[in-house]
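Per-entry structural report
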Amino acid sequence: MAEKGPVLRVEGLSKQYGTRQVLRSVTLSVNEGDLKVLIGPSGAGKSTLLQCINFLVLPDKGQVFLDGREILHTRRRELCAYRQKVGMIFQDFNLFDHLTALGNVEIGLTRVRSMKKGAARERAVMELERVGLGEHAGKYPAQLSGGQKQRVSIARALAMDPKVMLLDEPTSALDPELITEVLSVIRNLVSEGMTMIIATHQIGFAGDLANEIIFMEDGAIVEQGPPAKILTRADCERTREFCSKITSPYGESR
Ligand SMILES: Nc1ncnc2c1ncn2[C@@H]1O[C@H](COP(=O)(O)OP(=O)(O)O)[C@@H](O)[C@H]1O
Ligand SMILES: [Mg+2]
């Protein structure tokens, strides 16, 4: 059998804001079932990288390939189809406040995937159950905790049958006691074989589950490798310095 290529490949992505180079020719490959964890100081370009991969921010240079095919983001239909395949989860949930949990999951199914109301409802209920929110389907975002809101946003992405999920600090807006419930949903997705790139400083989680940790600084990938290496015996001094801060007993938040 022919060797399968990466699901997602990013080549030479660069982005400048004004005079500031925020991404410097970032290249990376993600294989099916991989969990890649992005770490790096604030301002390193982690969010910009994820946003460029989803074309929420347009890169100045570089290409994105899904299943070996370059995404031509200027073609609206192609971009729309691609965004279903590459779901994005934000730090601040991005839910519609005027819709219930169910409504938030349903809307993509009816509007984007043109599903009939009944089928969309059935699927939305299933996805909410998958993230442990079956009983909260009728609640509005204001009636949900941060952890529950984030799980709704994960359910919404899952309803689109994504091939890859991009998660940008999905737990960093949450109180510590709510982080665990969201990480446990993400853990389940990992065990189901979902392909993901996550920017997070939940080092316990990353150390347990990541195939690879990618350390970024100043718009570039400094070093990448298996967690055991990156977190404890990285080659670059800067990686070691950063990791020693986030893995110290005081810096770590599991
Ligand atoms: N919309 C924007 N306009 C101007 N500068 C931006 C914008 N978004 C991000 N930046 C800048 O880009 C750099 C990288 O930001 P970001 O990707 O958010 O980093 P990280 O997610 O690693 O903290 C920062 O210096 C930030 O101020
Ligand atoms: Mg960020």
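These remarks concern the structure in this document. (Residues numbered from 1 in each chain as written. Chains lettered and ligands numbered in written order. Predicted model: local features only at pLDDT ≥ 70, side-chain atom pairs only at ≥ 80, totals over all residues. Heavy atoms only, no water.)

Some points on the side chain of Thr195
- With respect to the element layout, Thr195 can be found in strand S8 (residues 195-199).
- By relative accessible area, which is 2% here, Thr195 ends up buried. (Helix = DSSP H or I, 4+ residues; strand = E, 2+ residues; numbered from the N terminus. Buried < 20%, exposed > 50% of the residue type's maximum accessible area, 1.4 Å probe, protein only.)

As for helix H9 (residues 237-247)
- Turning to H9, its buried residues are Thr239, Phe242, Cys243 and Ile246. Taken around the axis of H9, the buried residues stretch over an arc of 95°, which confines them to a single face. (Arc of directions from axis to C-beta.)

Let's talk about the site of ligand 1
- Lining the immediate environment of ligand 1, one finds Tyr17, Arg20, Val22, Pro41, Ser42, Gly43, Ala44, Gly45, Lys46, Ser47 and Thr48.
- Gly45 places a main-chain nitrogen or oxygen 3.0 Å from an oxygen atom of ligand 1.
- Here ligand 1 loses 61% of its free accessible area of 560 Å² to cover by the protein chains.
- The set of elements that each furnish at least two residues to the shell around ligand 1 consists of strand S2 (20-30) and helix H1 (46-53).
- Top element by residues in the shell around ligand 1 is H1. It accounts for three residues. (Near = heavy atom within 4 Å. Polar contact = N/O pair within 3.5 Å; in protein donor to acceptor, adjacent residues only side chain to side chain. Areas by Shrake-Rupley, 256 points an atom, 1.4 Å probe, with all protein chains shown as cover.)

What to know about the packing of aromatic side chains
- Across all of its chains, the model carries two aromatic pairs by this definition.
- Directly above the aromatic system of Phe65 lies the positively charged group of Arg9, at a separation of 4.2 Å from the ring centroid. (Phe/Tyr/Trp six-rings, centres within 6.5 Å; stacked < 30°, edge-to-face > 60°. Lys NZ or Arg CZ within 6 Å of the ring centre and 35° of its normal.)

Comments concerning the environment of Cys243
- Along the polypeptide, Cys243 turns up in helix H9.
- Looking at Cys243, the relative accessible area reads 0%, which means it is buried.
- Separated by 13 residues in sequence, Cys243 and Ile230 place their C-alpha atoms 7.7 Å apart.
- Leave out the neighbours within four places in its chain, and Cys243 touches Ile39, Ile230 and Leu231. (Contact = heavy atoms within 4.5 Å.)

As for the nonpolar core
- Grouped together as the largest cluster of nonpolar side chains are 49 residues, with contacts concentrated most on Ile39, Leu128, Ile154, Met165, Ile186 and Met196.
- With eight residues, the top contributor of residues to this core is helix H6 (residues 176-191).
- Not counting residues within four places of it along the chain, the set of residues in contact with Leu128 comprises Ala101, Leu102, Val105, Leu133, Gly134, Ala137, Val152 and Ala155.
- If you look at the next biggest cluster of nonpolar residues, it comprises 30 residues, including Leu28, Tyr82, Ala199 and Ile214. (Core = buried A, V, L, I, M, F, W, Y, C linked by side-chain atoms within 4.5 Å.)

With respect to the state of the cysteines
- Counted under the stated rule, the structure contains zero disulfides.
- Of all cysteine sulfurs, the one in Cys52 lies closest to Cys80, which takes part in no disulfide; the gap is 19 Å.
- In this structure Cys80 comes out as partly exposed when scored by relative accessible area, which is 39%.
- The thiol of Cys236 is unpaired, and the distance to the nearest cysteine sulfur, on Cys243, comes to 11 Å.
- Residue classification places Cys236 among the partly exposed positions, given a relative accessible area of 27%. (Disulfide = S-S within 2.5 Å.)

Considerations on the layout of surface pockets
- Estimated volume of the largest pocket: approximately 640 Å³.
- Around the largest pocket, the lining is made up of 21 residues, and of these Arg83, Met88, Val112, Arg156 and Met160 lie nearest the centre.
- If you list the elements that add at least two residues to the lining of the largest pocket, you get helix H2 (76-85), strand S6 (86-89), helix H3 (101-112) and helix H5 (146-158).
- Taken together, the residues of the lining of the largest pocket sort by class into twelve nonpolar, six polar and three charged. (1 Å grid on protein atoms, 1.4 Å probe; cavity = no way out; pocket = protein on both sides within 12 Å on 5 of 7 lines; lining within 4 Å. Points joined across faces, edges and corners; volume = space filled by probe spheres on them. Nonpolar A, V, L, I, M, F, W, Y, C, P; charged D, E, K, R; others polar.)

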